[in-house]
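One-letter residues, chain by chain:
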Amino acid sequence: MAGGESERDDPAVRLLERDSCLASVGGWAAEAQAGDGRLVLVAGEAGVGKSALVERLRAGRTADRWTVSACDGLFTPRPLGPLFDIADQVGGGLRDQCNAGAGRAELFRALLHQLGLRGVLDVLVVEDVHWADEATLDLLRYLGRRLHRVRALLIATYRDDSLAADDPLRIVLGDLVRQRATRQVTLEPLSVAAVRELAAGSGLDPAALHRLTGGNPFYVTEVLQAGTAAVPVSARDATLARAAGLPGELRATLDAAALIGNRVEPGLLATVTGCSPAGIDRLLATGLLVDDGSDLRFRHEIARLVVQDAVAAHRGTGVHRRILAALRDVGCDDDSRMAFHAEAAGDAAAALRHARSAARRAVGLASHREAAAQFQRALRFAGGVGTIERAELYEGLAAELSLLERYEAAADAAERALSSNRSARAPSWPGRTRPPPISGCCTTSPARSIWHDGPRTSATASVPATSSATR
Ligand SMILES: Nc1ncnc2c1ncn2[C@@H]1O[C@H](COP(=O)(O)OP(=O)(O)OP(=O)(O)O)[C@@H](O)[C@H]1O
Ligand SMILES: [Mg+2]
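Residues numbered from 1 in each chain as written. Chains lettered and ligands numbered in written order. Predicted model: local features only at pLDDT ≥ 70, side-chain atom pairs only at ≥ 80, totals over all residues.

Considering the overall build of the protein
Okay, so step 1: Of regular secondary structure, the protein possesses 23 helices and 8 strands.
Okay, so step 2: A buried classification covers 48% of the 471 residues belonging to the protein.
Okay, so step 3: Taking as baseline every contact in the protein between residues at least 6 positions apart, the subset at least 24 positions apart corresponds to 66%. (Helix = DSSP H or I, 4+ residues; strand = E, 2+ residues; numbered from the N terminus. Buried ≥ 20, exposed ≤ 12 C-beta atoms within 10 Å, placed from the backbone. Contact = placed C-beta atoms within 7 Å.)

Examining the environment of Q114
Okay, so step 1: Looking at the secondary structure, you find Q114 in helix α5 (residues 104-114).
Okay, so step 2: C-beta crowding within 10 Å serves as the criterion here: with 21 such atoms nearby, Q114 is assigned to the buried category.
Okay, so step 3: Sequence separation of Q114 and L94 is 20 residues, and the distance between their C-alpha atoms is 7.5 Å.

A look at the sheet that holds strand β8 (residues 296-298)
Okay, so step 1: Reading across from one edge, β6-β8-β7 is the order of the 3 strands in this open sheet, with antiparallel pairing throughout. In this open sheet, the two edge strands, each paired with only one partner strand, are β6 (263-264) and β7 (289-291). (Pairing = 2+ DSSP bridges.)

What to know about the site of ligand 1
Okay, so step 1: Residues in close proximity to ligand 1 total 22 residues, the closest being G49, K50, S51, A52 and P217.
Okay, so step 2: Looking at the shell around ligand 1, the elements that each hand over two or more residues are α2 (50-60), α10 (217-226) and α15 (301-309).
Okay, so step 3: Across the shell around ligand 1, the residue classes tally to 8 nonpolar, 6 polar and 8 charged. (Near = placed C-beta within 6 Å. Nonpolar A, V, L, I, M, F, W, Y, C, P; charged D, E, K, R; others polar.)

Regarding unusual backbone geometry
Okay, so step 1: One non-glycine residue with positive phi stands out, namely E17, at about 60°.
Okay, so step 2: When you line up the elements, E17 lands in the segment before α1 (19-33).
Okay, so step 3: Non-glycine residue A366 carries a positive phi angle of around 55°.
Okay, so step 4: By the secondary structure assignment, A366 is in the loop between α18 (348-364) and α19 (368-380).

Focus on the pairing of strand β3 (residues 122-127)
Okay, so step 1: When you tally the buried positions in β3, you get 6 out of 6 residues, the bulk of the element.
Okay, so step 2: Taking every second residue as pointing to the same face, both faces of β3 are buried, with D122, L124 and V126 on one and V123, V125 and E127 on the other.
Okay, so step 3: Where strand β2 (residues 65-70) meets β3, 6 bridges bridge the pair, whose relative direction is parallel. Its bridge partner lying in β3, A70 is registered against E127.
Okay, so step 4: Pairing of β3 with strand β4 (residues 152-159) involves 5 bridges; the strand directions are parallel. Bridge pairing in β4 places L124 opposite L154.

Concerning the packing of α5 against helix α6 (residues 134-146)
Okay, so step 1: One way to put it is that α5 packs onto α6 with a least axis distance of 11 Å and a crossing angle of 45°. Relative to α6, α5 is oriented oblique. Handedness of the α5/α6 crossing: right-handed. From α5, R104, F108 and L112 reach across to α6, where they touch A135, L139, Y142, L143 and R146.
Okay, so step 2: Taken together, the residues of the contact of α5 with α6 break down into 6 nonpolar, no polar and 2 charged. (Axes fitted to C-alpha atoms, helices over the stretch in contact; angles between N-to-C directions. Parallel < 35°, antiparallel > 145°, perpendicular 65-115°, else oblique. Left-handed = near helix turned anticlockwise from the far one by under 90°.)

Topic: the packing of α1 against α2
Okay, so step 1: With their axes 11 Å apart at the nearest point, α1 and α2 run at an angle of 55° to one another. As far as their axial angle goes, α2 and α1 are oblique. As for how α1 packs across α2, the hand of that crossing is right-handed. Each of C21, L22 and V25 in α1 lies in contact with α2, whose residues at this interface are L53, R56 and L57.

Remarks on α19
Okay, so step 1: The terminal C-alpha atoms of α19, which comprises 13 residues, lie 18 Å apart, in line with the 18 Å expected from a rise of 1.5 Å per residue.
Okay, so step 2: Burial runs high along α19: 11 of the 13 residues are buried.
Okay, so step 3: When we look at burial in α19, the residues that qualify are H368, R369, E370, A371, A372, A373, Q374, F375, R377, A378 and L379.
Okay, so step 4: The inward-facing, buried residues of α19 contact α6, α17 (335-345), α18 and α20 (387-403). (Expected span 1.5 Å × (residues − 1).)

Focus on the confidence of the model for the protein
Okay, so step 1: Put simply, the protein has an average pLDDT of 86, and 87% of its residues get 70 or more.
Okay, so step 2: Counted against residues more than four places away or in other chains, residues 1-12, with its pLDDT under 50, gives 29 contacts.
Okay, so step 3: pLDDT under 50 marks residues 427-471. Its contacts with residues more than four places away, or in other chains, come to 77 contacts. (pLDDT = per-residue confidence, 0-100.)

Side note on the sheet that holds β3
Okay, so step 1: Pairing within the open sheet is parallel, and its 5 strands lie in the order β2-β3-β4-β1-β5. The open sheet is flanked by β2 and β5 (182-186), the only strands paired with a single partner. Strand after strand, the sheet turns through a mean of 15° between neighbouring axes, direction not considered.
Okay, so step 2: Across 7 bridges, strand β1 (residues 38-44) lies against β4 in parallel orientation. Following the sheet pairing, V42 is matched in β4 by T157.
Okay, so step 3: Sitting on the sheet, α2 is in contact with β1, β2, β3 and β4, with an inclination near 160° to β4.

Here's what the structure looks like:
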């Protein structure tokens, strides 16, 4: 056997070369169980098996209270999306605070307060934090500093293969690894021996398969499940080969699922495509989609991307339009999600409306990156709005960009805010060469100091510590 096979709990899933990682995390769970809480960071490239490791751990620890949430890579994330997911699952004071629109300091406190209360180990999983919004990163930092007093295990998974040098997650990780509660696991691709074991009986050449996939378990299993006689030229081809056998209407349903995102509500998919439950069963049978108990999801984000990228642009627009309408009909209150589909559908009015709401919510939760992205999206669709409204959007953008220390872009946005305001007031000062003093725009935000004093000195001084509210 290649370095140990962890299939004691569920023989259907073969996890190779992960026994020592599982043993380590199991040991940290025991420490957390004793009241010395742990934060476990699980790192590794896309498809290396982070989620599979967490699932295997969960299968072996049924006495713990598990709460699983994930960050979404499809669109500008909803600030604190994972925390809202957790609140839906644990209920209690946390959910009450979420429903009441509490600020993030109260939300963070409510979550911490609810951990380990019932005498069982609380295991919180936050998957894919490389996509986390800024407020969620602050939540990790907040919990990381306090977990050692709580009967809780927090597992955060992330891809470490595409983190830019200045990725905000890197800074948070630097902080987290200094905390006494933090432990780290980095997953490596599989060896040739493990690939040989997985490929046994397939007729494929294990060495060639290892070369093609680099030992990445997702690619290895994707190629094996495609059932081709020879190793395909790329793992992308392997995924498309699995979708190729579907009849037209089911392929269209699969495409729509890819455009809905990581998590696909079956009811939404049925509304958008008219697909019957039997059709969904057939999609599940391809192995590309899996049913996680309440929702459908792609077996893997890499497979979702492959299917999404193969959808022709003109068809995608119509699908996004139907998704937007269906979400509206069920009263979806996630403005980030609505704004994404509205933009992709080319619905300017809806994109502006939802992006503006999403930006305001992100400002309220101090998710500056997401707020800036939503202001930018709103401005892309602000062609028809009045100058005062456009000035407000630019002012909001300038404030968020300055908090992100992107001073040049902030100064540019502040300038646009002021010139929009000038043109709004133009009729009241005809014949003058300079505008009158402006009130109501750029008077209170960091953008104002950039505008008046230049980016370096005053704007730097105006940047507050983003996590100070949570200490
Ligand atoms: N150790 C392993 N042995 C055999 N197969 C594995 C192993 N780890 C993962 N797999 C297979 O690879 C697939 C991809 O794994 P998984 O989804 O856990 O990757 P991931 O690291 O979470 O990827 P991502 O970063 O995209 O979320 C799994 O569905 C599983 O079938
Ligand atoms: Mg994963």
